[in-house]
Amino acid sequence: MTARSPLVDRVCGELRQVGAVAVVGPTGFGKSAVLDAVCTAWQAAGDPVVRLSSAPADAHIAYAPLVDLFTACPAEVSGELSELQRSAIDWVMRRVVGPEPDATTLRVTVLSCLQAWGRRARPLLAADEVHWWGPGSLDVFRFAARRSRGSVSLLAALRPDGPAAHDVLGGGAVEIGIPTLSPQESAALVRALGLPLRTAGRIHAATGGNPRLVSDIAAGLARTGTSAPTLHVQPLAPFARKATHAWLADLAEGVRPVLLLAALAADPSLDAVRRAAGPPADAALAAAEAAGLVRVTDATVLFPAPVVRESLVAEAGDEAVRRAHHLLATASAEPDDRAWHEASALAPAELPARLVATLADAAGAARERGDRARAAEFGLLAGDRVGGARPDLLVAAARDAEAAGRLDLAWTAMERLARTGADATARARARIAVVDAAGRGAALLKDIAAQALADATAGDEPALISAAHLRLAWSTHLNRGFNAEAVTHARDAVAWAERAGDPESRAAALSLIARLEQGRGSPDRTAALPLTLGPGAAGRDADRLDRRADPRRAAVRFALLDDQLADAGRLLDELRPVVGRVGGRADLLWLLGRSVHLHAQRGAGRLAREEAGRMLALARELGASPGPPWYAAASAELVGGSLEQALAYAGLGLTAAQEETDLVLAAHCLHLSGLTRLLLRDTAGALADLLRVRDLVRDLAVGDPAVIRYDADLAEALVAAGDLAAATRTVAAARRRAEELGRRGVLASLDRAEALCRTAAGEFGPAEELLVRALDAFEQLGYPLERGRVLLTRSAVERRRRHPARARALQAAAEAVFREAGAPLWGPGRAEHSGAPSWLAGLTDAEKRIAELVADGYGNRDIAAAQYVSVKTVEAVLTRIYRKLEVRSRVQLVALARKDERHSDR
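Residues numbered from 1 in each chain as written. Predicted model: local features only at pLDDT ≥ 70, side-chain atom pairs only at ≥ 80, totals over all residues. Heavy atoms only, no water.

1. Remarks on the overall build of the protein chain
Argument step 1. Summing up its helical and strand segments, the protein chain has 45 helices and 7 strands in all.
Argument step 2. By its C-alpha atoms, the protein chain is 100 × 90 × 40 Å across when sized along the principal axes.
Argument step 3. Looking at the protein chain residue by residue over its 906 residues, the buried ones come to 54%.
Argument step 4. Taking the intrachain contacts of the protein chain between residues at least 6 apart in sequence as the baseline, contacts between residues at least 24 apart amount to 67%.
Argument step 5. Put simply, the protein chain shows about 36900 Å² of open surface, and 52% of that area lies on carbon and sulfur atoms. (Helix = DSSP H or I, 4+ residues; strand = E, 2+ residues; numbered from the N terminus. Buried < 20%, exposed > 50% of the residue type's maximum accessible area, 1.4 Å probe, protein only. Contact = heavy atoms within 4.5 Å. Areas by Shrake-Rupley, 256 points an atom, 1.4 Å probe, with all protein chains shown as cover.)

2. Here's the deal with the sheet that holds strand β3 (residues 124-127)
Argument step 1. Reading across from one edge, β2-β3-β4-β1-β5 is the order of the 5 strands in this open sheet, with parallel pairing throughout. The open sheet has two edge strands with one neighbour each: β2 (49-52) and β5 (174-177). Direction aside, neighbouring strands of the sheet carry axes that sit 15 degrees apart on average.
Argument step 2. Of the strand pairs in this sheet, β3 and strand β4 (residues 153-158) are connected by 4 bridges, and their pairing is parallel. Residue pairing for β4: Leu125 is matched across the bridge by Leu154. (Pairing = 2+ DSSP bridges. Axes fitted to C-alpha atoms, helices over the stretch in contact; angles between N-to-C directions.)

3. As for the packing of aromatic side chains
Argument step 1. Tallied over the entire structure, the rule returns 5 aromatic pairs.
Argument step 2. Relative to Phe378, the ring of Trp340 lies with its centre 5.6 Å away and its plane at 90 degrees, an arrangement referred to as edge-to-face. Placement of Trp340 in helix α18 (residues 335-344) and of Phe378 in helix α20 (residues 372-383) is noted, with a sequence separation of 38 residues between them. Across the pair, Phe378 and Trp340 agree in class, each one buried.
Argument step 3. Geometry around Trp340 places Arg374 over its ring, the cationic atom sitting 4.2 Å from the centre. (Phe/Tyr/Trp six-rings, centres within 6.5 Å; stacked < 30°, edge-to-face > 60°. Lys NZ or Arg CZ within 6 Å of the ring centre and 35° of its normal.)

4. Notes on the side chain of Glu798
Argument step 1. Counting through the fold element by element, Glu798 comes out in helix α40 (residues 784-800).
Argument step 2. Those residues in contact with Glu798 that sit more than four places away from it in its chain are Glu768, His803, Arg806, Ala807 and Leu810.

5. Focus on the packing of helix α14 (residues 270-277) against helix α15 (residues 281-290)
Argument step 1. The N-to-C vectors of α14 and α15 enclose an angle of 125 degrees; their axes lie 9 Å apart at closest approach. Considering their axes alone, α14 and α15 lie oblique with respect to each other. On the side of α14, the interface is formed by Leu270, Val273, Arg274 and Ala277, while α15 contributes Ala281, Asp282 and Leu285.
Argument step 2. Split by residue class, the contact of α14 with α15 holds 5 nonpolar, no polar and 2 charged. (Parallel < 35°, antiparallel > 145°, perpendicular 65-115°, else oblique. Nonpolar A, V, L, I, M, F, W, Y, C, P; charged D, E, K, R; others polar.)

6. What to know about helix α31 (residues 605-622)
Argument step 1. For α31, built from 18 residues, the straight-helix expectation of 26 Å at 1.5 Å per residue is met to within 8% by its first-to-last C-alpha distance of 26 Å.
Argument step 2. Following α31 by one or two positions, Gly623 adopts a phi angle in the positive range, close to 70 degrees. (Expected span 1.5 Å × (residues − 1).)

7. Some remarks on the nonpolar core
Argument step 1. Counting residues in each nonpolar core, the largest one holds 101 residues, and the members touching the most others are Ile203, Leu213, Ile217, Leu259, Leu293, Phe303 and Val307.
Argument step 2. Sequence-distant contacts of Leu213, that is, excluding residues within four places in its chain, are made with Thr207, Ala240, Ala243, Thr244, Trp247, Ala305, Val307 and Val308.
Argument step 3. Among the nonpolar cores identified, the runner-up in size contains 54 residues, and Leu690, Val697, Ala706 and Val731 belong to it. (Core = buried A, V, L, I, M, F, W, Y, C linked by side-chain atoms within 4.5 Å.)

8. Some points on the confidence of the model for the protein chain
Argument step 1. When pLDDT is averaged along the protein chain, the result is 86, and 91% of the positions lie at 70 or above.
Argument step 2. Throughout residues 530-546 the model reports pLDDT below 50, and contacts reaching past four residues in sequence, or to other chains, amount to 40 contacts.
Argument step 3. Low confidence marks residues 828-835, where pLDDT is under 50. Its contacts with residues over four positions away, or in another chain, come to 18 contacts. (pLDDT = per-residue confidence, 0-100.)

9. Describing helix α38 (residues 744-760)
Argument step 1. Given a rise of 1.5 Å per residue, 17 residues ought to cover 24 Å, and the 24 Å separating the end C-alpha atoms of α38 matches this to within 8%.
Argument step 2. Where burial is concerned, most of α38 is hidden: 15 out of the 17 residues are buried.
Argument step 3. Gly762 sits one or two residues past α38 and shows a positive phi near 80 degrees.

10. Thoughts on the state of the cysteines
Argument step 1. Under the criterion given, the structure shown has 0 disulfides.
Argument step 2. For Cys12, which is in no disulfide, the shortest distance to another cysteine sulfur is to Cys39 and amounts to 9.0 Å.
Argument step 3. Look at Cys12 and you get buried, because its relative accessible area is 16%.
Argument step 4. Take Cys73: it sits in no disulfide, and the sulfur closest to it among the cysteines is that of Cys113, at 3.1 Å.
Argument step 5. On the basis of relative accessible area, Cys73 is assigned to the buried category, the value being 12%. (Disulfide = S-S within 2.5 Å.)

11. Regarding the pairing of β5
Argument step 1. Burial along β5 is one-sided: Val174 and Ile176 are buried, and none of Glu175 and Gly177, which face the opposite way, are.
Argument step 2. In this sheet, β5 lies alongside strand β1 (residues 20-24) in parallel orientation, the contact comprising 4 bridges. Within β5, the residue paired with Val21 across the bridge is Val174.

12. Some words on the pattern of salt bridges
Argument step 1. Within the structure shown, the criterion is met by 56 salt bridges.
Argument step 2. Where Arg789 meets Asp713, a salt bridge forms, and the shortest distance between an N and an O atom there is 2.7 Å. With Arg789 in helix α40 and Asp713 in helix α36 (residues 711-720), this pair connects stretches of sequence that are 76 residues apart. Note on accessibility: Arg789 and Asp713 belong to one class, buried.
Argument step 3. Several salt bridges converge on common partners, so that one network encompasses Arg735, Asp751, Glu754, Arg758, Glu763 and Arg773. (Salt bridge = Lys/Arg side-chain N within 4 Å of Asp/Glu carboxyl O.)

13. Some words on the pairing of β4
Argument step 1. For β4, a buried count of 6 out of 6 residues is recorded, marking the element as mostly surrounded by other parts of the structure.
Argument step 2. Burial along β4 is two-sided: Ser153, Leu155 and Ala157 facing one way and Leu154, Ala156 and Leu158 facing the other are all buried.
Argument step 3. Pairing of β1 with β4, which is carried by 5 bridges, proceeds in the parallel orientation. Bridge pairing in β4 links Ala22 to Ala156.
Argument step 4. Since β3 and β4 lie parallel, the crossover through helix α7 (residues 135-148) that links them has a hand, and here it is right-handed. (Right-handed = clockwise from strand over helix to strand, strands pointing away.)

Dropping the structure here:
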């Protein structure tokens, strides 16, 4: 219940204050788990708890919930009751036989019991599974609950389709709805069982955040040993069977057949289900909606947890599914839907050629209207005909699935092709589609890309060989960075594209070469980038194998690296209609990611967060790589949300990147984490993250400091940690590379970092000059948040120089910049520890910590051990502290601290 701790705390608080609380939620939302947690907390406080519950199996036992109450009731309490009341208790407990006590006697008995108990303690009555209580039990409990408020606390778990809170607990009861799990809460629950984040995203999308389903599916997958990162999609419905079976068993007769029709409908509209089911449809859907299994609008029937739909189909059996498809085929208004249901009602061996042709046409029509996922489904259904398989339709299905971002469908097409004995060329095309559908998870699919190259070579098709080399280059790059092997594959892709006479594939390969060479720090990095595309490029075929490496995408990347934000924005605006016209949802993911990055650079926090939210939702829906959207969400939170949330998202992005062996993204996430910790003044954590980035950058052979702009932040962390020499070396090395490549934004950041180094050394004049230069550069480049950061640094310098008025003015200017950009959290007063003693004014964070330790009586060796630095470093820092505080020794420093304390106490 860790994910629900705030909810549990709220329920406990309301119980203490109001005395009666109902937690309300549909089946599977964890009402019983909330009750368990609240009862545990109540008992921990020393008060008694009575859990009242029932079940379908107890239906024949009169007043079954009261058995729980009377069993727990202390003997001294029952001793205060009348003989008639004790006889009623004996009858409920089946200690005696005889006629049933009248309702009034039972009501008064329960009330008297609660009032007597309440005079000794503050018991909590927790009523669970109330929808299974008999009318007699509910009547007695209502009576006692309304009149015992103040003597006992009352808690009930209710369903939306059951009795209302005021009917069970009396007027004034607080009703608290149980929400679904958030994506983060689902991820935490799934990750706790050792499952990867991509799996967590799939589970959340399949369950709609239903806590019971998330827990059951995650536990089931963990038991199967599927914790190793994998992109192979395992069905989730079998692990939800226990829960869904119990929920469906609660439904009245006749509801399940209607739900099956809704689950199978190609067009899940309310009209379609009504036509297929007939008159019983509305009543059945109303019952299912009351149970929380579906949500019915004026036009559609939706399953909040799609895995429930899959479970319905799995449990129905083949014959029931066929009958349902026949009914839906008869009721379908659209020819394509009719064909879909006709084909689904048949085994692959029974599929007639006429129907295959109709399905192929339907796939083409879906492709034309941009519904690539539906096109893939039509293609898979048509291409898997036993004895007459259509590899061409399966290849087309794989490409449609890739465009839709549906790795599961692309993988299915690839596996079916392998069973049909398709030729090597068809197999290569399907494998390439799978690699593309994996997104940044392609780092795990290098073997699939290698098989595609082998098949393409066997098929002797140069354009296909070029495409396979390009995927190998991409897979290698994600895992190993800007290394020679990735460049070799990209160059082979160029050579084979030239042999094929394919200018678009050649341009795509050249774009990747440009990206790799740029990352390696080659001065002529842009020479390989074809900025002007060949004839017909504006109407690029969405089915091109090289669509993911479109040079226009590379142009966006280069514009961002070159600090050309206006150009990047213009290019993205040009690509938006292209993605909308011929692209799939995988293209939209890329577009959203670039858009978030651009908004973050411009300081547009609100827009960045909106786009990041869309990206996260789309990635979960598609089952796409979770790393990029979590990274985007962290970037957006950093500029327009909370630093703590940004740190959490960066951690999720890092975990996802590591699971999918995407070390390039891992380095980006670590940098974001380190920067966030730096802004939170967690120097040790920031330094640890940024040193890991430095190691990864070396391993990945990143030569361009603009790829991962961590150097200035690392230098700042080193200064804060007291290692001025290392900070100075970091700035100098990064400056050499940035000057060679003309990286203006990086150079401005390094100016700010060097100013910190100069300030720490007491060189205030040169520091001021560097900061003025950085401020001008960021103004020209259009980086408002970086400008604000420079202003904050100038404020800190002025405070060190004992110019408080100037420092306050600069900090106010910085805060104005952050407010205007929507990121007020970068410039709060916490930057200088407003609660720090005045005698520490002018010292860096690292110097303040060491000065405080000296004042507390620590020796140099103890300070070195506590700060994880050498004794020499402590001695050097102390020398600077003495100079800044104008003292000559440790004794004078301690005296200064004591004097300040005495002054503060007055």
